[in-house]
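# Descriptive analysis of the structure
Chain by chain, the residues:
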Amino acid sequence: MRDHVTLHVKGRVLVGPEDVRDELWVVDGRVSYDRPSGETTTVEGWVLPGLVDAHCHVGLDHHGAVDEATSEKQALTDREAGTLLIRDAGSPSDTRWIDDRDDLPKIIRAGRHIARTRRYIRNFAHEIEPEDLVAYVGAEARRGDGWVKLVGDWIDREAGDLTACWPRGAVEAAIAEAHRLGARVTAHCFAEDALRDLVEAGIDCIEHATGLTEDTIPLFAERGVAIVPTLVNIATFPALADGGESRFPVWSAHMRRLYERRYDTVRAAYDAGVPVFVGTDAGGSLAHGLVAAEVAELVRAGIPPVEALSATAWGAREWLGRPALQEGAPADLVVYGTDPRADVRALAAPRRVVLNGQVVG
């Protein structure tokens, strides 16, 4: 740990969407609203709590697990973009060493993906059959930081399209086991078929959620099931569809339909009261550091700018059980030159990044 410098952060501190203060101090690495004695270093601008990427993969690339040097580079790229809290939505790498680094983003881990045999990207997941799902969910609930990640659907080569990976009874038992162990459960889902069973089985979140329809959106809203749309990842669907056209034309057409209605899907979910949070899906085939682009995509989908900001700032931190800019909280904050509530494109150009009370970017 490094010695802490006392910072005076002034300008417009966005403690909440409407709670705007003129200044705060960083004392011994924590937020204070009481002026300390002694010398301070001044940082000025528009201040947000450290941004959240709620679907990110540190320690993973398109081949599978990566070494520590590559993991560090990924985490540093996210940090430079202002992402200071990551929900790692599945990784085969052991990244616990990052917890000992006060200059790298904080990570909430969902353990390793749990997928059906030969129904996911090679080298990413535990690949198992339904009779083993409860045991693997229990193990990942103990290994993770309060989350477990299932692969809810994927292409079925015999069907030539996306289909659900798990029978209803298996997911009911698995989700119940995770909840018994104090963990929440999320699932990768592109298509429509798996959603009702997962939600009625008690799942807490769905990743991507491109398959939401007017039939399932009310169910999500009623149960309070969150979605993390990863629109910067959904933008890759047309290229994926083109690549699979010759072998899986039905799947390709399905992926294009999901892509074409992506903005309408997200806006309809938001309008219905479904909680929506920012996630980029960085670390598989996508680059890290895309949090600003994802917020801009949510706005493009029709979510009001302040709500899109909350989905990566105040609201996201509350959902994940982590503090924002409250008195005594770890001083994880990002400073911008202009008001990001007026134009979320400001997020693409952080002026200063402060992590654990230290200016790191």
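Okay, so let's go over this structure. This structure is a prediction, so every number in the text was calculated from the model and none was measured. (Residues numbered from 1 in each chain as written. Predicted model: local features only at pLDDT ≥ 70, side-chain atom pairs only at ≥ 80, totals over all residues. Heavy atoms only, no water.)

This part covers the overall build of the protein chain. The helix and strand tally for the protein chain stands at twelve helices and 20 strands. The C-alpha atoms of the protein chain give a radius of gyration of 20 Å, which matches the 21 Å a tight globule of 361 residues would have. Its C-alpha atoms give the protein chain principal-axis dimensions of roughly 70 × 40 × 35 Å. Nonlocal contacts in the protein chain, meaning residues at least 24 apart in sequence, comprise 66% of its contacts between residues at least 6 apart. A total accessible area of about 14,400 Å² is found for the protein chain, and carbon and sulfur atoms account for 47% of it. Of note, the protein chain has its 40 positive side-chain charges centred 1 Å away from the centre of its 57 negative side-chain charges. (Helix = DSSP H or I, 4+ residues; strand = E, 2+ residues; numbered from the N terminus. Rg over C-alpha atoms; globule rule 2.2 N^0.38 Å. Contact = heavy atoms within 4.5 Å. Areas by Shrake-Rupley, 256 points an atom, 1.4 Å probe, with all protein chains shown as cover. Lys, Arg positive; Asp, Glu negative; His and termini not counted. Charge placed at Lys NZ, Arg CZ, Asp CG, Glu CD.)

Under the counting rule described, the total for this entry stands at six aromatic pairs. Ring-pair connections join several aromatic residues into one group, and the members of that group are Y120, F124, W154, F190 and F237. One cation-aromatic arrangement involves R21 over Y33; the distance from NZ or CZ to the ring centre is 4.4 Å. Directly above the ring of W147 sits R87, whose terminal nitrogen or CZ lies 4.6 Å from the centroid. (Phe/Tyr/Trp six-rings, centres within 6.5 Å; stacked < 30°, edge-to-face > 60°. Lys NZ or Arg CZ within 6 Å of the ring centre and 35° of its normal.)

Take the packing of helix α7 (residues 237-244) against helix α8 (residues 249-260) next. In contact at an axis separation of 8 Å, α7 and α8 are set at 170° when each is read in the N-to-C sense. In terms of their interaxial angle, α7 and α8 are classed as roughly antiparallel. Every residue of α8 that contacts α7 at F237, P238, L240, A241, D242 and G244 is listed here: P249, W251, S252, M255, R256, L258 and Y259. For the contact of α7 with α8, the residue count by class is nine nonpolar, two polar and two charged. (Axes fitted to C-alpha atoms, helices over the stretch in contact; angles between N-to-C directions. Parallel < 35°, antiparallel > 145°, perpendicular 65-115°, else oblique. Nonpolar A, V, L, I, M, F, W, Y, C, P; charged D, E, K, R; others polar.)

A few words on helix α2 (residues 133-143). Buried residues of α2: L133, V137, G138, E140 and A141, and no others. Looking at the packing, one finds that the buried side of α2 touches β10 (114-116), β11 (126-128), β12 (147-151) and α3 (168-180). (Buried < 20%, exposed > 50% of the residue type's maximum accessible area, 1.4 Å probe, protein only.)

Our focus in this paragraph is the packing of α2 against α3. It is the contact of α2 with α3, at a shortest axis distance of 9 Å, that shows an interaxial angle of 25°. The orientation of α2 with respect to α3, classified from their angle, is roughly parallel. The chirality of how α2 crosses α3 is right-handed. Contact with α2, carried on its side by L133, V134, V137, G138 and R142, involves A170, V171, A173, A174, E177, A178 and R180 of α3 and no other residues of that element. Counted by class, the contact of α2 with α3 contains eight nonpolar, one polar and three charged residues. (Left-handed = near helix turned anticlockwise from the far one by under 90°.)

Spatially, β5-β8-β9 is the arrangement adopted by the three strands of the open sheet, whose pairing is parallel. In the strand order of this sheet, the two ends are held by β5 (51-56) and β9 (106-109), each with one partner. Averaged over neighbouring strand pairs, the angle between their axes works out to 20° when direction is ignored. Relative to β9, strand β8 (residues 83-88) is paired through four bridges, and the arrangement is parallel. Across the sheet, the residue bridging to R87 is I108, located in β9. (Pairing = 2+ DSSP bridges.)

Bringing the side chain of N233 into the picture now. Structurally, N233 is set in helix α6 (residues 231-234). Note on N233: relative accessible area 8%, which makes it buried. When residues no more than four places from it in sequence are discounted, the contact partners of N233 are F190, H208, T280, D281 and L286.

This paragraph deals with the side chain of D103. Along the polypeptide, D103 turns up in the loop between β8 and β9. A relative accessible area of 17% places D103 in the buried class. Reaching out from D103, the side chain makes a polar contact with the side chain of R101 at a distance of 2.8 Å. (Polar contact = N/O pair within 3.5 Å; in protein donor to acceptor, adjacent residues only side chain to side chain.)

Phi at D28 takes a positive value of approximately 55°, unusual for a residue other than glycine. In this fold, D28 is placed in the loop between β2 (20-27) and β3 (30-32). Within the chain, R118 stands out as a residue other than glycine whose phi angle is a positive 60°. Inspection of the secondary structure assignment puts R118 in the loop between β10 and β11. Using a relative accessible area of 66% as the deciding quantity, one classes R118 as exposed.

Judged from the four bridges that link them, strand β15 (residues 184-189) and strand β16 (residues 205-208) form a sheet pairing that is parallel. Following the sheet pairing, T186 is matched in β16 by C205. Regarding topology, helix α4 (residues 195-200) serves as the crossover connection from β15 to the parallel β16, and that connection is right-handed. Bridging between β16 and strand β17 (residues 226-228) involves three bridges; their strand directions are parallel. Its bridge partner being in β17, C205 is matched across the sheet by A226. Crossover β16 to β17 through helix α5 (residues 217-223) is right-handed. (Right-handed = clockwise from strand over helix to strand, strands pointing away.)

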